[in-house]
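Overview (structure and organization)
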Amino acid sequence: MPDLPWTIGTATGVGSHPGDDPAEALRIVLGELPDLPYLPELPARGPGADMIGRAAGLLVELAVALQPSGWRFADRPGRDTVRAHSMLARDLDTLEEQAGEYEGPFKIQIAGPWTLAASIELRHGDRALRDPGAVRDLIASLAEGVAAHVADVRRRLPRATILLQLDEPGLPGVLAGTVPTASGFSRLPAVEAPLAEDGLRRVIEATDAFPIVHSCAPRTPYGLLRGAGAKAISVDAALLRGADEDAIGEAVEAGTGFLLGIVPGTDTRLPAPKRSLSRVQELWRRLGFSPRVLAEGVVVTPACGLAGASPGYVRAALKHCGEAARVLAETAED
């Protein structure tokens, strides 16, 4: 059995929820996903609660401020950065109040370095990704900030095993050279894979939390993520391609875990859990792995965040993932 921090038949979420009440969002998570809960993100609260602003607020000795065009490096933190700090502190206080005695794996999520570099602007207005020096500074700053954040979560959940999910939806575009310039009329040069791997590794190695990398974009670079130190990879199962099968098979054989999204992140009619699993089960069969290997190595999730869903659908989707995970566990015993 792979050395993974979850038990067979586990489900979790990707991260974001609708609404602006962290206590209610956390109650839903703890109620529906008791085996692998996570700290919900609530981007509807406004600037600083979004994926980029939340991570930018963790940067050490690098100030950012929100401009009409987006987040930008600045001489001093903007008011929206201050709001980001305040909202995260409130989230962590709520976490400690509701789950301070929790024992087991617990997941937190932060935007990864390459998604940040492709999103935050330099002072003159172009993206940080254009400037190798700025990227190096951002990676070092994020690594330090993430380490402090993990330590804070661990202090509040002293009995939990912390899983750190780095969200990298921008990484495939960074590698492919498709990130637009500030003007939008051209594209920034592609970052070479070894450089991208090294930058991600620096953030992962800054903490001893169990590292997961999530990407809901096509062309997930499985080998690069494993090389950077990811022990689990989170993807939308609907985006799995035939060209990915060899890389996925190698990852499974090496003991890498997978968080696989099987239901849409926005409202839809949900089928029977067994039907939602059919694509994943068929892939594992083609790769030659047993149902037990699938059940042990895979955590069931929604396809991506749930910020665009209705509150009722959030409960239904998380419950559906839990039921599907139990189906995997039952199949493994056959």
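This write-up is about the structure you can find in this document. (Residues numbered from 1 in each chain as written. Predicted model: local features only at pLDDT ≥ 70, side-chain atom pairs only at ≥ 80, totals over all residues. Heavy atoms only, no water.)

Regarding the environment of R154
- Within the secondary structure, R154 is located in helix α5 (residues 132-156).
- With 54 residues separating them along the chain, R154 and G100 place their C-alpha atoms 9.8 Å apart.
- Ignoring anything within four residues of it in the chain, the contact list for R154 reads I162, D208 and A209.
- At 3.0 Å, the side chain of R154 and the side chain of D208 are in polar contact. (Helix = DSSP H or I, 4+ residues; strand = E, 2+ residues; numbered from the N terminus. Contact = heavy atoms within 4.5 Å. Polar contact = N/O pair within 3.5 Å; in protein donor to acceptor, adjacent residues only side chain to side chain.)

Looking at empty space enclosed by the protein
- A complete count under the given rule lists 4 cavities of 30 Å³ or more for this structure.
- Taken as a whole, the largest cavity holds about 50 Å³ of empty space.
- In terms of lining, the largest cavity is formed by S215, A217, P218, R219, T220, Y222, V235, D236, L239, L240 and D244.
- Split by residue class, the lining of the largest cavity holds 6 nonpolar, 2 polar and 3 charged. (1 Å grid on protein atoms, 1.4 Å probe; cavity = no way out; pocket = protein on both sides within 12 Å on 5 of 7 lines; lining within 4 Å. Points joined across faces, edges and corners; volume = space filled by probe spheres on them. Nonpolar A, V, L, I, M, F, W, Y, C, P; charged D, E, K, R; others polar.)

Points about the pattern of salt bridges
- The final tally for this structure, using the stated rule, is 22 salt bridges.
- For E296, the salt bridge is made with R292, and the minimal N-O distance between the two is 2.9 Å. Taken together, the residues E296 and R292, both in helix α12 (residues 291-297) and 4 residues apart, mark about one turn of the helix.
- It is possible to trace a salt-bridge network through shared partners that takes in D93, E96, D152, R155 and R156. (Salt bridge = Lys/Arg side-chain N within 4 Å of Asp/Glu carboxyl O.)

So, the pairing of strand β4 (residues 160-167)
- Taking burial as the measure, the 8 residues of β4 include 7 buried ones, the bulk of the element.
- With 8 bridges joining them, strand β3 (residues 104-111) and β4 adopt parallel strand pairing. Its bridge partner being in β4, F106 is matched across the sheet by I162.
- Here 5 bridges tie β4 to strand β5 (residues 210-215), and the two strands are oriented parallel to one another. Of the residues in β5, the one forming a bridge with L166 is V213. (Buried < 20%, exposed > 50% of the residue type's maximum accessible area, 1.4 Å probe, protein only. Pairing = 2+ DSSP bridges.)

Overview of the nonpolar core
- Of all hydrophobic cores here, the largest spans 94 residues; its most connected members are W114, I120, F258 and W284.
- Tallying contributions element by element places helix α13 (residues 311-333) first for this core, with 10 residues.
- With residues up to four places along the chain from it excluded, the contact list for I120 reads I52, A56, L59, V64, W71, R72, F73, D126, R127, A128 and L138.
- If you look at the next biggest cluster of nonpolar residues, it comprises 9 residues, including L4, W6, F210 and I212. (Core = buried A, V, L, I, M, F, W, Y, C linked by side-chain atoms within 4.5 Å.)

As for the packing of aromatic side chains
- Within this structure, the stated rule accounts for 4 aromatic pairs.
- Note on Y102 and F106: the rings are 6.2 Å apart at their centroids and 65 degrees apart in plane angle, and the pair reads as edge-to-face. Here Y102 and F106 have matching classes, each one buried.
- Their ring planes at 45 degrees and their centres at 6.2 Å tell us that Y222 and F258 sit as a pair that is tilted. With Y222 in helix α8 (residues 222-228) and F258 in strand β7 (residues 257-263), the pair connects residues that are 36 residues apart, well separated along the chain.
- For F258, a relative accessible area of 2% gives the class buried.
- An aromatic cluster is built from Y222, F258 and W284, whose rings are joined through pairwise contacts. (Phe/Tyr/Trp six-rings, centres within 6.5 Å; stacked < 30°, edge-to-face > 60°.)

Re the layout of surface pockets
- The calculated volume of the largest pocket comes to roughly 330 Å³.
- Forming the walls of the largest pocket are 16 residues, and the residues nearest its centre are W114, P132, V135, V191 and L195.
- Among the secondary structure elements, those contributing two or more residues to the lining of the largest pocket are α5 and α7 (193-204).
- The dominant element in the lining of the largest pocket, judged by the number of residues it contributes, is α5, at 5 residues.
- Grouping the amino acids of the lining of the largest pocket by side-chain chemistry returns 10 nonpolar, 1 polar and 5 charged.

Topic: the side chain of T10
- With respect to the helices and strands, T10 occurs in the segment before α1 (22-32).
- Relative accessible area serves as the criterion here: at 0%, T10 is assigned to the buried category.
- In this structure the side chain of T10 is engaged in a polar contact, spanning 2.6 Å, whose partner is the backbone oxygen of T7.
- T10 has contacts with D35, L36, V298, V299, V300 and A325, leaving out every residue within four places of it along the chain.

A short note on the sheet that holds β7
- Taken in spatial order, the 6 strands of this open sheet run β3-β4-β5-β6-β7-β8, and their pairing is parallel. The strands lining the two open edges of the sheet, one partner per strand, are β3 and β8 (298-302). Each strand of the sheet is rotated relative to its neighbour by a mean of 25 degrees, with strand direction disregarded.
- As paired elements, strand β6 (residues 232-236) and β7 share 5 bridges and run parallel to each other. Across the sheet, residue V235 finds its bridge partner in β7, namely L260. (Axes fitted to C-alpha atoms, helices over the stretch in contact; angles between N-to-C directions.)

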